[in-house]
Amino acid sequence: MAQKRTIKRFEIPANRGNVYSADGSLLATSIPKYDVAIDAVTSSDKNFKKYIKPLCDSLAAFTGKSSGSFEQKINKARQTKDQYLLLARNLSYTDYMRFRNFPLLKLGAIRGGFVYDQKTKREHPMGGIAERSIGYERIDENGYATRVGIDGAFGKDYLRGETGSRLKQKIGKGEWKPIRDVNEVEPKDGYDIYTTIDVNIQDIAHHSLLGQLEKYEADHGCVVVMDVKSGEIKAISNLGRNKIGKYYERLNYAVGESHEPGSTFKVMAMMAALEDKVIDTSTIVDTKNGRKYFYGRTISDSHHGGYGKISAAKALEVSSNIGLATIIDENYSSNPEKFLKQLRDWHLDQTLGVSIIGEGKPVIPKPGDKIWSKNALPSMAYGYNMQLTPLQTLAFYNAIANNGQLIKPRFLKAVKEFDRDIEVFEKEVLVNKLCKDETLSQIKDILKNVVSRGTGKKLYSETFSMAGKTGTARTDYADIEAWKEDPKYVSSFAGYFPAENPKYSCIVVIHKPSTKVGFYGADVSGPVFKRIAQKIYTDTPLIDQIQTGDYNNELIANDFEKFNSISNKYKTIMPNLIGMPAMDAVAFLENMEVDVNIKLNGNGVITSQSVSKNIKLKPNQTVVLEAS
Amino acid sequence: MIASAHSADEKVYEISELSNEVKELRSAFVDGRSKLMRLKMESTIVKKVEEKGLEISTTPPKKIKVKARD
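Residues numbered from 1 in each chain as written. Chains lettered and ligands numbered in written order. Predicted model: local features only at pLDDT ≥ 70, side-chain atom pairs only at ≥ 80, totals over all residues. Heavy atoms only, no water.

1. Let's talk about the overall build of chain A
Part 1: Across its full length, chain A holds 22 helices and 28 strands.
Part 2: Rg of the C-alpha trace for chain A: 36 Å, well past the compact-globule value of 25 Å for 628 residues, more than 25% over.
Part 3: Oriented by its inertia axes, the alpha-carbon framework of chain A measures out at about 110 × 90 × 50 Å.
Part 4: When the 628 residues of chain A are sorted by exposure, 50% land in the buried category.
Part 5: Of all intrachain contacts in chain A linking residues separated by at least 6 positions in sequence, the fraction that spans at least 24 positions is 67%.
Part 6: Of the accessible surface of chain A, which amounts to about 30,600 Å², a share of 48% is contributed by carbon and sulfur atoms.
Part 7: Averaging the locations of the 87 positively and 75 negatively charged side chains of chain A gives two centres separated by 7 Å. (Helix = DSSP H or I, 4+ residues; strand = E, 2+ residues; numbered from the N terminus. Rg over C-alpha atoms; globule rule 2.2 N^0.38 Å. Buried < 20%, exposed > 50% of the residue type's maximum accessible area, 1.4 Å probe, protein only. Contact = heavy atoms within 4.5 Å. Areas by Shrake-Rupley, 256 points an atom, 1.4 Å probe, with all protein chains shown as cover. Lys, Arg positive; Asp, Glu negative; His and termini not counted. Charge placed at Lys NZ, Arg CZ, Asp CG, Glu CD.)

Have a look at this one:
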């Protein structure tokens, strides 16, 4: 019995590992936080009377609320015998120390009624930026875990560590002494995680997305930047609108949200047709006058009056729905399986298997499915009747930029214990080669033309190049009458930059922009893409390499010789400077062994000097030079 | 025996004091680090220098490398 009271098993929590960005900036870490409360009953009447006013003044100074309201609250708590009146939550250690020194609370737990509760909190030093992707892991009292982002996905394996325990014996001052000199179970601190996030690109991505969302009053949006060769995600931002119209990292839309991609998928459809050689880039398609019937349903183009007869390449450049639907329907309706197999070979029907939990599943229908019909094929040709997540679309565009090699987007670089590598993550190839080089170069040319003269031409910049595809898809159109009243779109832009030897691929998807402001992919999402491309372009120095020349110019050599001979001769005596360039004359006087004050009027060749030649100069004498 | 038990107790108090100090320093470090992270972000800097009339260049910096002739 006595032993039970004096000996106790203590859990020793392990320190959770930190999450770092690629350059070692801290993205998530654990720090102690404090809740402070007051036991309003325990203090003596004398102390309570004496200190209540100064305490409330201190509280008022700290919180900015009125002193009177605190006084009322604490007095009431004392009357109702409340032994736990919460004063402040989630204080940092520094603030907690301030509270400890407030009047009354200073007297401690018994005499002053100071009650506190310490807990460890996860902090994101970057604030709201990339919060959703950096993530957290929360385990509620029932043991259910909520796992968000990188922190959530790698909590169990790496960050958490293992709790230790130790038997302790009670000694004075409320402290416990360990019984043995080692822990019964040693705690093991969690490992640190190094992500692929580049803080600078992330900052730009976040703020340019935020700017566009605010401008277009959109519901939500996301942007992802990926390194072409390694598949490392350099930036990922997901912002959603709350009730009062502010945006914050709400859900990981880029990873989790499958939706109809719209026109960005035309690239996949076109590529399939080119790869199967059922068409050529110059094959003529008839897009009519902007409206065409497919199995009793009209497909229309956004361009009024239509494009008429155009080449297949042009159909993609101007993003003609009819063009793509015609190409795919004409060549695959008798054998849809051939088209679908191509998509499967390209991994488009499967999740990428990224490390963040909750990846959305792609939907690619096949004959026999509920959503399959005669219209399924032409619809898919322009990105409807199917679903992909932004990240899945991006991975495909990245593969185009990466010479056809499809790689898995990656959020982690390494797991470390201090500076020792525990695990290093390498790039993972999903499909080694999507298509023939010929197809690849055809698609790349078209994507470049989209920006130079197609639907993305507003984004064109003379100074830096980019390639990509716009997308403007209708959404929430199940009730077509309601949709016509209040049309809703998903605007997107996917591509890579620079157009030649791409370094980064990027996707921007913005859901439900206000149609009063605009809704086309090139207007809404394109600028975010451009801003990031431009930022990376202006941050990368252009390197010019030159070789040192042969400067055996006789004129220069003679001048130099002349200057040298005068300066060797005249050290304290005024030389004749007339006829000498002002620049040389000043340099000359400044280098003499006597300090003189020089006044120069004009800036050409010296025409007169206030001190004549061969006069000995005195220190601090003023010499006035007139120049032409 | 008693002396060493006491000295062990002393150590426990010392450790608890030191670990509090660690907490304080850690908390101060994270506070400082958070502030720094926010301050050094380009978006913050752009806002700060805007009033001085500075803005981001639209052309990249040029680096001229001079290679000595061999």
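2. Observations regarding the domain arrangement of chain A
Part 1: Taken domain by domain, chain A holds domain 1 (1-25 + 126-195), domain 2 (35-119), domain 3 (199-539) and domain 4 (566-627).
Part 2: When each unit is reduced to the centre of its C-alpha atoms, the spacing between domain 2 of chain A and domain 3 of chain A is 57 Å. (Domains from an automatic or database assignment.)

3. Digging into the side chain of Asp35(A)
Residue and element names in this part refer to chain A.
Part 1: Among the structural elements, Asp-35 can be located in strand β3 (residues 26-38).
Part 2: Asp-35 sits in the buried class, given a relative accessible area of 5%.
Part 3: Within the structure, the side chain of Asp-35 is placed 3.1 Å from the side chain of Lys-119, a separation counted as a polar contact. (Polar contact = N/O pair within 3.5 Å; in protein donor to acceptor, adjacent residues only side chain to side chain.)

4. Concerning the interface of chain A and chain B
Part 1: In this assembly, 46 residues from chain A lie in contact with 36 residues from chain B.
Part 2: For the chain A and chain B pair, buried surface summed over both sides reaches about 3,700 Å², with 57% attributable to carbon and sulfur atoms.
Part 3: In terms of surface lost to chain B, no three residues of chain A exceed Tyr93(A), Pro125(A) and Thr548(A), which account for 15% of the buried area on that side.
Part 4: Counting the contacts that link chain A with chain B gives two residue pairs in polar contact (both at pLDDT 80 or more).
Part 5: Sorting the residues of the side of chain A that touches chain B by element identifies β3, α4 (93-100), β5 (114-123), β9 (176-178), α9 (199-216), α20 (526-539) and β25 (542-547) of chain A as the ones contributing at least two each.
Part 6: Considering only residue class, the side of chain A that touches chain B consists of 17 nonpolar, 19 polar and 10 charged.
Part 7: Two elements, β25(A) and strand β1 (residues 62-67) of chain B, share six bridges in a ladder whose sense is parallel. Paired with Asp544(A) across the bridge in β1(B) is Ile64(B). (Buried area = accessible area lost by both parts, 1.4 Å probe. Nonpolar A, V, L, I, M, F, W, Y, C, P; charged D, E, K, R; others polar. Pairing = 2+ DSSP bridges.)

5. Details of the sheet that holds strand β26 (residues 597-601) of chain A
Hydrogen bonds between backbone groups are what pair the strands of a sheet, and the pairing can be parallel or antiparallel.
All names here are of chain A.
Part 1: Pairing is mixed across the open sheet formed by three strands, whose spatial order is β26-β28-β27. A single partner strand is all that each edge strand has here, and the edge strands are β26 and β27 (606-609). Here the average twist between neighbouring strands, direction ignored, is 25 degrees.
Part 2: Strand contacts of helix α22 (residues 582-590): β26, β27 and β28 (622-627), with the helix running at about 175 degrees to β26, the strand carrying the most contacts. (Axes fitted to C-alpha atoms, helices over the stretch in contact; angles between N-to-C directions.)

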